[in-house]
Amino acid sequence: MLNLVLFGPPGAGKGTQSEKLIGHYHLVHLSTGDILRQEVASCTALGIEAKKVMDQGMLVPDEVVIRMIESRVEANLTGRGFIFDGFPRTIAQALSLDKMLSEKETSITCMLALEVEDEELIRRLLNRGKESGRSDDKSEAVIRKRIAEYNSNTSPLIDYFKKKNKFRGVLGVVSVDEIFTNL
Ligand code: B4P
């Protein structure tokens, strides 16, 4: 199986590149952000709780996202592999993912990390907020909080994957097609 982790700060272009990678490699796309937004749109109990957290620019609790991913990995084990988009976002999530995959006799092939400066992230997300209506993209303060969460809780995953020799950084500030070629 080809199992990719698409990584990067909020607004780095994970969702954008995932769409292109799925089309090319025919992998199952698991985006925790998309799954959470579906729960919010359906007004499930999980979605109502998650929205409060997401609107503050914080991370949804590990046990919630791990459970969401686990059931979807179970359901798609006969495919060619997965693109994990926006997951893992903490060391606890990475440990759970490694355990989950090793129990299925597979593993992460590599982490592809999109590298973009903070000011460009803020510009992109405010811009997306105008068009998409995403509530977590509307305020610069919330966007800065998301970037701060990334720096404290998510960026340690870079070392985690580097130690396993599975980290590949890719410049995320050129055109969408050029980034896709580099990925
Ligand atoms: P996500 O849905 O994962 O979204 P994101 O990080 O905000 O954006 P992404 O990187 O996918 O950006 P995109 O391609 O759209 O997370 C949302 C929230 O969900 C989190 O804050 C958190 O609360 C929660 N959550 C999700 N997963 C979680 C987890 N595992 N644990 C806990 N909580 C979790 O690109 C952004 C914009 O840039 C777009 O408008 C795009 O058009 C533009 N763009 C893309 N590439 C570009 C390029 N090359 N040049 C110029 N613009 C570009």
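Presented here is a report on the structure given in the accompanying data block.

Here is what the cut-offs are and how they apply
Along each chain, residue indices are assigned from 1 in the same order as the chain's sequence is written. Since the coordinates come from a predicted model, pLDDT governs what is reported: local features require at least 70, and pairs of side-chain atoms require 80 or more to be given and counted, while whole-chain, interface and lining totals use all residues. Side-chain metrics rest on all non-hydrogen atoms present in the structure, leaving aside hydrogens and water. Helical segments are the DSSP runs of H or I of at least four residues, strand segments are the runs of E of at least two, and each set is numbered from the N terminus. Only C-alpha atoms enter the radius of gyration, while the globule expectation follows 2.2 Å times N to the 0.38, with N the number of residues. For every residue, the accessible area obtained with a 1.4 Å probe (protein chains only) is divided by the maximum for its type, and the residue is called buried under 20%, exposed over 50%, and partly exposed between those limits. In this analysis, two residues are considered to be in contact whenever any of their non-hydrogen atoms come within 4.5 Å of each other. Accessibility throughout is a Shrake-Rupley quantity obtained with a 1.4 Å probe, and a residue counts as covered only by protein chains that appear here. Only when DSSP finds a minimum of two bridges between them are two strands counted as paired. To define axes, lines are fitted to C-alpha atoms, for helices over the stretch in contact only, and angles between the resulting N-to-C directions are given on a 0 to 180 degree scale. Near residues are defined by distance, with any heavy atom within 4 Å of the molecule or strand qualifying the residue. Polar contacts, as counted here, are pairs of nitrogen or oxygen atoms within 3.5 Å of one another; within protein the pair requires one atom able to donate a hydrogen and one able to accept it, and residues that are adjacent in sequence qualify only if both atoms are side-chain atoms. Using only the protein atoms, space was sampled on a 1 Å grid; points where a 1.4 Å probe fits but cannot get out form cavities, open sets with protein on both sides within 12 Å along at least five of seven lines form pockets, and lining residues are those with an atom within 4 Å of a point. Cavity and pocket membership follows a simple rule, namely that a molecule belongs there if more than half of its atoms are within 2 Å of the grid points. Gly falls in the polar group here, along with every residue not listed as nonpolar (Ala, Val, Leu, Ile, Met, Phe, Trp, Tyr, Cys, Pro) or charged (Asp, Glu, Lys, Arg).

### Concerning the overall build of the chain
Item 1. Summing up its helical and strand segments, the chain has nine helices and five strands in all.
Item 2. Along the chain, helices and strands appear, N-terminal first, in the series β-α-β-α-α-α-β-α-β-α-α-α-β-α.
Item 3. Over its C-alpha trace the chain gives a radius of gyration of 16 Å, about what one expects of a compact globule, namely 16 Å for 183 residues.
Item 4. In terms of its C-alpha atoms, the chain occupies a principal-axis envelope of roughly 45 × 40 × 30 Å.
Item 5. Looking at the chain residue by residue over its 183 residues, the buried ones come to 43%.
Item 6. Taking contacts inside the chain between residues at least 6 apart in sequence as the whole, the part at least 24 apart equals 74%.
Item 7. Total accessible area on the chain stands at roughly 9300 Å², and carbon and sulfur atoms take up 51% of it.

### Considering the sheet that holds strand E2 (residues 28–31)
Item 1. Across the sheet, five strands lie side by side as E2-E3-E1-E4-E5; this open sheet has parallel pairing. Sheet topology places E2 and strand E5 (167–171) at the edges, where each strand pairs with a single neighbour. Direction aside, neighbouring strands of the sheet carry axes that sit 20° apart on average.
Item 2. Here helix H2 (residues 32–41) sits on the sheet and contacts E2 and strand E3 (81–85); the angle it forms with E2, its principal contact strand, is near 65°.

### Brief notes about unusual backbone geometry
Item 1. Residue Pro88 is reached from Phe87 by a cis peptide bond, and omega for that bond is 0°.
Item 2. Looking at the element boundaries, Pro88 is found in the loop between E3 and helix H5 (91–103).
Item 3. Even without glycine at this site, Cys43 takes up a positive phi of about 55°.
Item 4. Following the sequence through the fold, Cys43 ends up in the loop between H2 and helix H3 (45–55).

### Side note on the site of the ligand
Item 1. Surrounding the ligand, one finds 30 residues, the nearest of these being Thr16, Thr32, Met58, Arg128 and Arg146.
Item 2. At 3.1 Å from a nitrogen atom of the ligand is found a main-chain nitrogen or oxygen belonging to Val60.
Item 3. In this structure, Arg124 approaches the ligand through a side-chain N or O atom, which is 3.3 Å from a nitrogen atom.
Item 4. Protein chains bury 86% of the 1000 Å² of accessible surface belonging to the ligand in isolation.
Item 5. Given that more than half its atoms are within 2 Å of the pocket grid, the ligand belongs to the largest pocket.
Item 6. Take the shell around the ligand: its biggest share by element is four residues, from H2.
Item 7. A breakdown of the residues in the shell around the ligand according to their chemical character gives 13 nonpolar, nine polar and eight charged.

These values are about where atoms sit, not about what they do.
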